[in-house]
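Read off the chains here:
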Amino acid sequence: MKYCEGAKAGLEISLYPARHDSVFPERYSSLEDICPLFYIRQVKSILRGRYAADVSRGVRDDVGILVEDGQIVDIGRFEDLSRERQGVAVLEYDGILFPSLINAHTHLELSSIRREKIRHSDFVDWVIKLVDTRTSMLSFDVRPDCARAKREAESKGTGYFVNVGNDFQLNRSLGDDQLFEFEQIGINESSADKIFERAAEVAMKDNDGALAIHAPYSVSPRLMKMLKSFNSKRGRVTSLHLAETADEVEFVATGRGRMVDLLNYRVPKWEFHPAGVSPVEYVHSLGLLDEKTLCVHCVFVDDEDARIISKSGSAVTVCLRSNLELSGELPPVDKFLKAGIRLLIGTDSTASAPDLDMFAEVGAFYSKFRNIMSPISVLSAATSDAAIFLGIENRYGSLSPGASSKVVYLPFDGKKEEVLEYLVSNPENKMTVGES
Ligand SMILES: [Zn+2]
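What counts as what
- Residues numbered from 1 in each chain as written.
- Predicted model: local features only at pLDDT ≥ 70, side-chain atom pairs only at ≥ 80, totals over all residues.
- Helix = DSSP H or I, 4+ residues; strand = E, 2+ residues; numbered from the N terminus.
- Buried ≥ 20, exposed ≤ 12 C-beta atoms within 10 Å, placed from the backbone.
- Contact = placed C-beta atoms within 7 Å.
- Axes fitted to C-alpha atoms, helices over the stretch in contact; angles between N-to-C directions.
- Parallel < 35°, antiparallel > 145°, perpendicular 65-115°, else oblique.
- Left-handed = near helix turned anticlockwise from the far one by under 90°.
- Pairing = 2+ DSSP bridges.
- Nonpolar A, V, L, I, M, F, W, Y, C, P; charged D, E, K, R; others polar.
- Expected span 1.5 Å × (residues − 1).
- Arc of directions from axis to C-beta.
- Right-handed = clockwise from strand over helix to strand, strands pointing away.
- Core = buried A, V, L, I, M, F, W, Y, C linked by C-beta atoms within 7 Å.
- Domains from an automatic or database assignment.

Along the chain, the regular secondary structure elements total 19 helices and 14 strands. By residue count, 50% of the 436 residues in the chain fall in the buried class. Across the chain, the fraction of contacts at a sequence separation of at least 24, relative to all contacts at a separation of at least 6, is 74%.

Let's shift gears to unusual backbone geometry. One non-glycine residue, Asp 348, lies in positive phi territory at about 60°. Among the structural elements, Asp 348 can be located in the loop between strand S12 (342-345) and helix H16 (358-369). According to the C-beta neighbour criterion, Asp 348 is buried, with 28 such atoms within 10 Å. Positive phi values are uncommon outside glycine, yet Asn 426 reaches one of about 55°.

This brings us to the packing of helix H5 (residues 123-136) against helix H11 (residues 258-266). Interhelical geometry of H5 versus H11 gives an angle of 15° and a closest axis separation of 9 Å. The pairing of H5 with H11 is recorded here as roughly parallel in orientation. Crossing geometry of H5 relative to H11 is assigned as right-handed. Touching Val 124, Val 127 and Ile 128 of H5 are Arg 258, Met 259, Asp 261, Leu 262 and Tyr 265, all from H11.

On the basis of which strands lie adjacent, the open sheet formed by six strands has the order S3-S2-S1-S4-S13-S14 and mixed pairing. The outermost strands of the open sheet, each flanked by one partner alone, are strand S3 (71-77) and strand S14 (431-432). The pairing of strand S13 (residues 407-411) with S14 spans two bridges and is antiparallel. Looking at the pairing, Tyr 409 lines up with Met 431 of S14.

Close contact between H16 and helix H17 (residues 375-382) brings their axes to 10 Å; oriented N to C, the two are set at 140°. Between H16 and H17, the crossing angle belongs to the class labelled oblique. With respect to the hand of their crossing, H16 and H17 are arranged in right-handed fashion. Seen from H16, the contacting residues are Met 358, Val 362, Phe 365 and Tyr 366; seen from H17, they are Pro 375, Val 378 and Ala 382. A class-by-class count of the residues in the contact of H16 with H17 yields seven nonpolar, no polar and no charged.

Right, let's talk about helix H8 (residues 192-204) for a bit. Taking 1.5 Å of rise per residue, the 13 residues of H8 would be expected to cover 18 Å, and the 18 Å separating its terminal C-alpha atoms lies within 8% of that figure. Buried within H8 are the following residues: Ala 192, Phe 196, Ala 199 and Ala 203. Each buried residue of H8 lies within a common arc of 75° when the element is viewed along its axis, so the set occupies one face. Counted as exposed and oriented over 90 degrees from the buried face of H8: Lys 194, Glu 197, Arg 198 and Glu 201. The inward-facing, buried residues of H8 contact strand S7 (178-184), strand S8 (210-213) and helix H9 (221-233).

Structurally, the position occupied by Gly 414 is in the loop between S13 and helix H19 (419-423). Residues Gly 414 and Gly 95, spaced 319 residues apart in sequence, show a C-alpha to C-alpha distance of 8.5 Å.

Here we take up the pairing of S8. Of the two faces of S8, the one carrying Ala 210 and Ala 212 and the one carrying Leu 211 and Ile 213 are both buried. Inspection of the sheet shows S7 paired to S8 by four bridges, in the parallel sense. Bridge pairing links Glu 183 to Ala 212 in S8. Crossover S7 to S8 through H8 is right-handed.

Every α-helix winds through 3.6 residues per turn, so residues three or four apart in the chain are directed the same way. Burial in helix H10 (residues 246-254) covers these residues: Asp 247, Glu 248, Val 249, Phe 251 and Val 252. The inward-facing, buried residues of H10 contact H5, H11 and helix H12 (279-285). Once H10 finishes, Gly 255 follows within two positions and takes phi at roughly 75°, a positive value.

Attention shifts here to the nonpolar core. Membership of the largest hydrophobic core comes to 119 residues, with the highest contact counts inside it found for Ile 65, Leu 97 and Ala 382. With seven residues, H16 is the largest single contributor of residues to this core. Per-domain counts for this core show at least three residues from each of domain 1 (2-99 + 400-432) and domain 2 (102-390). What Ile 65 contacts, discounting residues up to four positions off in sequence, is Ile 46, Leu 47, Ala 52, Ile 72, Ile 75, Leu 97, Leu 399 and Val 407.

By secondary structure assignment, the location of Thr 133 is in helix H5. With 16 C-beta atoms counted inside 10 Å, the residue Thr 133 sits in the partly exposed group. Residues Thr 133 and Ile 113, 20 residues apart in the sequence, show an inter-C-alpha distance of 7.9 Å.

This part covers the pairing of strand S2 (residues 58-68). For strand S1 (residues 45-54) and S2, the ladder comprises nine bridges, and the chain directions are antiparallel. Looking across to S2, one finds that Ile 46 is bridged to Leu 66. Sheet analysis places S2 next to S3, joined by six bridges and oriented antiparallel. Directly across from Gly 64, in S3, lies its bridge partner Gly 76. Counting the residues that bridge the hairpin from S2 to S3 gives two residues, and of these Asp 69 lies at a positive phi of roughly 50°.

Below is the structure:
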């Protein structure tokens, strides 16, 4: 109730932007009554945190962050900032302020589907049931569910999404804080040109979108090359699911195994020429790996695969909770680190992961790899490193002037030296306190 009243008050304020500075502090004695999401959007204010942290500057005490019009204007010691900016409203946060996280792989369009609903015996069974479930929902408007899922993830600290999907209109209607990758599938070489032309025609109208390759077992070499080339000409990132299951490894090498059942189920007549090599070597031989390629999953890779990925400059997005659900295997993060591969973190969709909560994903990641990765390196994969790879480092991944004011607040009364460990401990309580 209190929260709703705050939200209403914030909305009212945003109608009169010119009066914010003078009116706001007197009118509301308790700033906690105001819904920060509405309040910060338009009003110049200082967010005061017991701590503020990001990857490049570490943890700092008693920091002030001046935000206005959806972006960070200044950041520094609260004492200094408040002296320089007298009269600006101050919002106190008794805990940690941290940049919003980047979800480097998800499918927002699947947000109507819960993983509990897809009982499966293996990966192929899961894909078949997922496709059946989607087909049975074709007459439903799933947009409200997808928009709700995105909003919920945002309110819990995600600032930006790499969102892969087949429904252009639906995904584009979900807002701008995403790299939308229009995903294409087509195993037959003969249909490559037609599929590409249709996809390119749609994607051309999109200012910053990209075309995604579903996977090497579902897209022909010709189509994969055309999709990659389209993105390369425009400097856009290409996502592809890669080496996700042992079935994929078998199929790419030999043309046999469980993937045959999947293709038989989906495609009346299909063709595939076994590559005789690993999925990573296969896509590398097609020229698909470079510093603008985002390889998603990479659970089944060996040292040589890791070396190839590293040398190409491609990054790997780890979606650990989805991998555990679908194959029960962990990605070989030790191999990634040894090879020097840039790591990103994603949730994948709710059809294979419990939720789109990036702090939960980061927490799961750290709990599995804490013996080989520090909290700061895991946080980097979810913020600054991801931002640099995606070319959005001016806007996301750090608490710097010019960056989005989507700042995450996590209540915390522990010591400064415990902050980073807390951030990777899957904290239950967190909220986004700014909006761009
Ligand atoms: Zn995926």
